[in-house]
Amino acid sequence: MSGHMNLTLKVWRQKNTQTPGKFVTYKAENISPDMSFLEMLDVVNESLTRKNEEPIYFDHDCREGICGSCSLYINGHPHGPKKAITTCQLHMRTFNDGETITIEPWRSAAFPIVKDLATDRSAFDRIQQAGGYVSVNTGGVPDANIIPIPKVIADEAFNSATCIGCGACVAACKNASAMLFTSAKITQLGLLPQGQTERYSRVQAMVAQMDEEGFGNCTNTGACEAECPKEISLNNIAFMNNDFFSAKLFREEHAHDHAGGE
Amino acid sequence: MSLDAKIPQGPLAEKWSKHKFNLKLVNPSNKRKYDVIVVGTGLAGASAAASLAELGYNVKSFCFQDSPRRAHSIAAQGGINAAKNYQNDGDSVYRLFYDTIKGGDYRAREGNVYRLAEVSVNIIDQCVAQGVPFAREYGGLLDNRSFGGSQVSRTFYARGQTGQQLLLGAYSALNRQIHLGKVKMYTRTEMLDVVVIDGHAKGIITRNLKTGEIETHAGHAVLLATGGYGNVFYLSTNAIGSNVTAAWRAHKRGAYFANPCYTQIHPTCIPVTGDHQSKLTLMSESLRNDGRVWAPKTVEIAQKLQKKEISASDVKEEDRDYFLERKYPSFGNLVPRDVASRNAKEMSDEGKGVGTTGLAVYLDFAEAIQRLGEDTVRAKYGNLFDMYLQITDENPYKQPMRIYPAVHYTMGGLWVDYNLSTNVPGLYAMGECNFSDHGANRLGASALMQGLSDGYFVIPYTLGDYLATIGPKPVDKNHPAFEKTKQDVIAYNNKLLALKGTKTVVEYHRELGHIMWEYCGMARTEEGLTKAKAMIKELKADFWKNAIVTGENEEVNAALERAGRVADFIELGELMVTDALNRRESCGGHFRLESQTEEGEALRDDDNFAFVSAWEFTGENQEEVLHKEELIFENVKLTQRSYK
């Protein structure tokens, strides 16, 4: 294989949530341009391990851009410099031989650092738990074709539903706002007939949880949309705001049932 | 122990309904007295946890990822089968049953497969009710496409991200139960052992991956939904974290492991480019609806392509061999995966492979783009084409994809009866981690179907019968077995952490993968397997001497996690080889070179091998003991599979 590269990495190292972190410089040598970014880090980690040094910790799993685990802030961009891909889909041919690459975790008060480059994104789960569903039990549902859904509506709902929950939108936003993430689920279910019965309670519950988690507000800079690996549109935020105001003005009685149990 | 599959008596179509009636029930007010542990949050685990919580049980759900939404089901691309017959093209429950039995090369249970086909229709209804945005036609009804091994269009899909959408549906149902307090969710938590008391599973031992704490959890039943073991090959389409550890540790506590040698090599994956590669990427089988598979007719042309002296578009139509269409005119490019994979390998073995390594064939969309237009092709497969472009830096709209088979799915897994119970009472296995429904080869779009069938529609019934039998008396968490098992886990982890040798765990994993791919991959022989067995034994001994495991237990420690998983893969690898050696026939994904038809197809030996191999662990470094469950076919006739 031709054109192997040598790179300098400035990597954020942090032992755990409580301990302050710092940048540490590493050399990444003999890197093939066909490697993915994470495979490049694998090479660095292998050499650290051989020296009995602690490898760099980062979240990753599917390595094909769908699980939403990987989450690096590379040279000032979530998931690196290329558009519409995740870090695991970023290949080293994007970089130049001799380049210095800065790698940081997501920075947001709502995403505390677990270790090195991995953050705790459980706030996202809690927003979904607050109302990101249609309240149907297993069994006893009608035939799947009983309600026709116009193709354009189904396609739009799908576009919102492709969110992988990686948190790049929060990392990109100067306010660390989670509105793109939250609105994607609200829009998906708000567009579909199945989501109508809880539409206004859902938006109130999910927005309330989002605020409780400490995410910032939206000031329409659009960095989230620009950096989203799945190209979730800002229109989702408009849809959510519209439903939220409707709910507050006319349908506040639809507030979500927070009581546990049956 | 005799293996009783507990398949209900009576006509095929009535087995499940009758069985459901015969199963004992737990009355609604008693359900809240039971605690159920569910490990894994993929399609099977999330759907089971949610459904059981809806019924009123107290559920504890576990995943090693940072969120239940990241389980590897999320990466399934193509679709999910269901016998809806919405297309009016002759589909039926019986046809889906028949296709699946035949596709599995007659090595699955009739009763299980029929039930799977039967509940497939409910799955689609359930998912639509949850707000899963399946693809639709302009009239607003659900769209379907075709998958391998079938001549009807019964596959429901959501662009190339069906697994993602189905999993997010199940995740949403799970979230609702977490919100209602019926499911307690444990993320970044890995199961490392099962607690067995008086022969019954009563809990698990876990490691908190953030703090390292070893914890005990008690429950009236333990349900494993921990996925497949394809990563035993190191390179596979599985996620990096996918592992066999939960299933393997359960095996070592008494659960039989069935048909471990049945692995699925998927024909259409992006070929390997170098040693650095950490995983392989699948290109969905749905692409074979419109893509045509070919290789050059002669070795000379192939060599020019390998050396990049010419490109694919320079190869004239008459110099192309559309080998699947030529050999299998009825099914064409949509033959089952095992058949397509073997043929691609055959082309490469004959020197007609393409790409720099010669280990690839083409999947060509030129004809489809001409017929449908680039926009239509983009709408159908856009995300897959983008993925291909990202990885290879080649544009599949302009030149054919290069594809080669890669490990994708494992049909083997923990032995379970018709109720999804392992031979250890109270220990259940669902989804890919059990062995149940796909025989020796799984058809495309059937994994999602099985995962959700097990979780939404089977376990909620069958588990109740067991729970009603044992009664709601709380599990005694002070029983010494909990502390004993916990200490075993701590001792094992300490043994791993003491390894300060010279070779990284990843190197051992890669080496194991080479052995498995070479000798227990697409073509297996007595000689190769015997050699592999010795090599794995050596590898294991070396691992426990020379591996390096950095760090300590009381912190986030990826090296320790990986070491435990690789140690288990090494042991499983040996069992797979043992199983492959023992099965002196070819069937589905298990191809013994000694057993093939004149045309090179898998040749079964029904007289001697129409059984499930269920292996019993008997102790460290001991040979496992084989138990046979005879397969009884009352409805289909066993024939040589033909897709011509």
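Residues numbered from 1 in each chain as written. Chains lettered and ligands numbered in written order. Predicted model: local features only at pLDDT ≥ 70, side-chain atom pairs only at ≥ 80, totals over all residues.

Going by an unreviewed UniProt entry, chain B carries the name Fumarate reductase/succinate dehydrogenase flavoprotein subunit and comes from Mucilaginibacter rigui. Reading the Cofactor (unreviewed entry) entry of the UniProt record for chain B gives the comment "FAD". (UniProt positions renumbered as here; feature names shortened; annotations may be inferred.)

As recorded by an unreviewed UniProt entry, chain A carries the name Succinate dehydrogenase/fumarate reductase iron-sulfur subunit and is attributed to Mucilaginibacter rigui. Under the heading Sequence similarities (unreviewed entry), UniProt records this for chain A: "Belongs to the succinate dehydrogenase/fumarate reductase iron-sulfur protein family."

Trainee: Help me understand the sheet that holds strand β14 (residues 361–364) of chain B in this model?
Mentor: Residues and elements named next belong to chain B. Judged by pairing direction, the sheet is antiparallel, and its 5 strands sit side by side in the order β11-β15-β14-β12-β13 without closing on themselves. Of all strands in the sheet, those bounded by a partner on one side alone are β11 (263–269) and β13 (320–321). Relative to strand β15 (residues 401–410), β14 runs antiparallel, the two sharing 3 bridges. Bridging from a neighbouring strand, L363 pairs with M401 of β15. Across the face of the sheet, helix α10 (residues 337–349) comes into contact with β11, β12 (292–296), β14 and β15 while running at roughly 65 degrees to β11. (Pairing = 2+ DSSP bridges. Helix = DSSP H or I, 4+ residues; strand = E, 2+ residues; numbered from the N terminus. Contact = placed C-beta atoms within 7 Å. Axes fitted to C-alpha atoms, helices over the stretch in contact; angles between N-to-C directions.)

Trainee: Got a minute to help me understand the pairing of β14(B) in this structure?
Mentor: Put simply, side chains in a regular strand alternate between the two faces of the sheet. Residue and element names in this part refer to chain B. Residue alternation in β14 divides its side chains into two sets, V361 and L363 and Y362 and D364, and both sets are buried. In this structure, β12 lies alongside β14, joined through 3 bridges in antiparallel fashion. When the bridges of β14 are listed, W294 appears paired with Y362. (Buried ≥ 20, exposed ≤ 12 C-beta atoms within 10 Å, placed from the backbone.)

Trainee: Just checking my understanding: could you explain the environment of B:Y57 for this structure?
Mentor: Residue and element names in this part refer to chain B. Structurally, Y57 is set in the loop between α3 (43–55) and β2 (58–62). Sequence separation between Y57 and P28 is 29 residues, and the spatial gap between their C-alpha atoms is 9.1 Å. In contact with Y57, not counting residues within four places along its chain, are K31, Y34, V36 and L52.

Trainee: I keep staring at the domain arrangement of chain A and nothing clicks. Help me out?
Mentor: How large an interface is tends to be reported as the accessible area lost when its parts come together. All names here are of chain A. Split into domains, chain A comes out as domain 1 (5–114) and domain 2 (122–254). A C-alpha centroid distance of 30 Å is found between domain 1 and domain 2. With 18 residues of domain 1 at the interface, the matching set in domain 2 holds 16 residues. Along the lines of polarity and charge, the residues of the side of domain 1 that touches domain 2 split into 10 nonpolar, 7 polar and 1 charged. (Domains from an automatic or database assignment. Nonpolar A, V, L, I, M, F, W, Y, C, P; charged D, E, K, R; others polar.)

Trainee: I'm lost on the domain arrangement of chain B in this one. Help?
Mentor: Residues and elements named next belong to chain B. Entries for chain B in the domain assignment read domain 1 (266–407) and domain 2 (480–609). Centre-to-centre, using C-alpha coordinates, domain 1 lies 31 Å away from domain 2. At the junction of the two partners, domain 1 supplies 6 residues and domain 2 supplies 5 residues. For the side of domain 1 that touches domain 2, the element with the highest residue contribution is α10, accounting for 5 residues. Of the residues in the side of domain 1 that touches domain 2, the class split is 1 nonpolar, 1 polar and 4 charged.

Trainee: Any chance you could explain the interface of chain A and chain B here in plain terms?
Mentor: In this complex, chain A contributes 67 residues to the contact, which on the side of chain B involves 67 residues. Per element, the largest residue contribution to the side of chain A that touches chain B is 6 residues, and it comes from helix α1 (residues 37–50) of chain A. Grouping the amino acids of the side of chain A that touches chain B by side-chain chemistry returns 26 nonpolar, 25 polar and 16 charged.

Trainee: Any chance you could explain the nonpolar core here in plain terms?
Mentor: One broad trend across soluble globular proteins is that nonpolar side chains are buried collectively. All names here are of chain B. Core analysis: the largest hydrophobic core is formed by 281 residues, its most contacted members being V39, A49, L223, L224, V361, L414 and Y428. By residue number, the principal contributor to this core is helix α17 (residues 558–582), which donates 13 residues. Other than its neighbours up to four places away in sequence, V39 contacts G45, F62, M191, I204, L223, L224, A225, T226 and A246. (Core = buried A, V, L, I, M, F, W, Y, C linked by C-beta atoms within 7 Å.)

Trainee: I would appreciate a short explanation of the UniProt feature "domain: FAD-dependent oxidoreductase 2 FAD-binding" (unreviewed entry) in chain B in the present structure.
Mentor: Taking the numbering used here, the UniProt-annotated feature "domain: FAD-dependent oxidoreductase 2 FAD-binding" (unreviewed entry) corresponds to residues 35–448 of chain B. Here residues 35–448 of chain B is 30% helix and 19% strand, with 27 Å between the C-alpha atoms at its ends.

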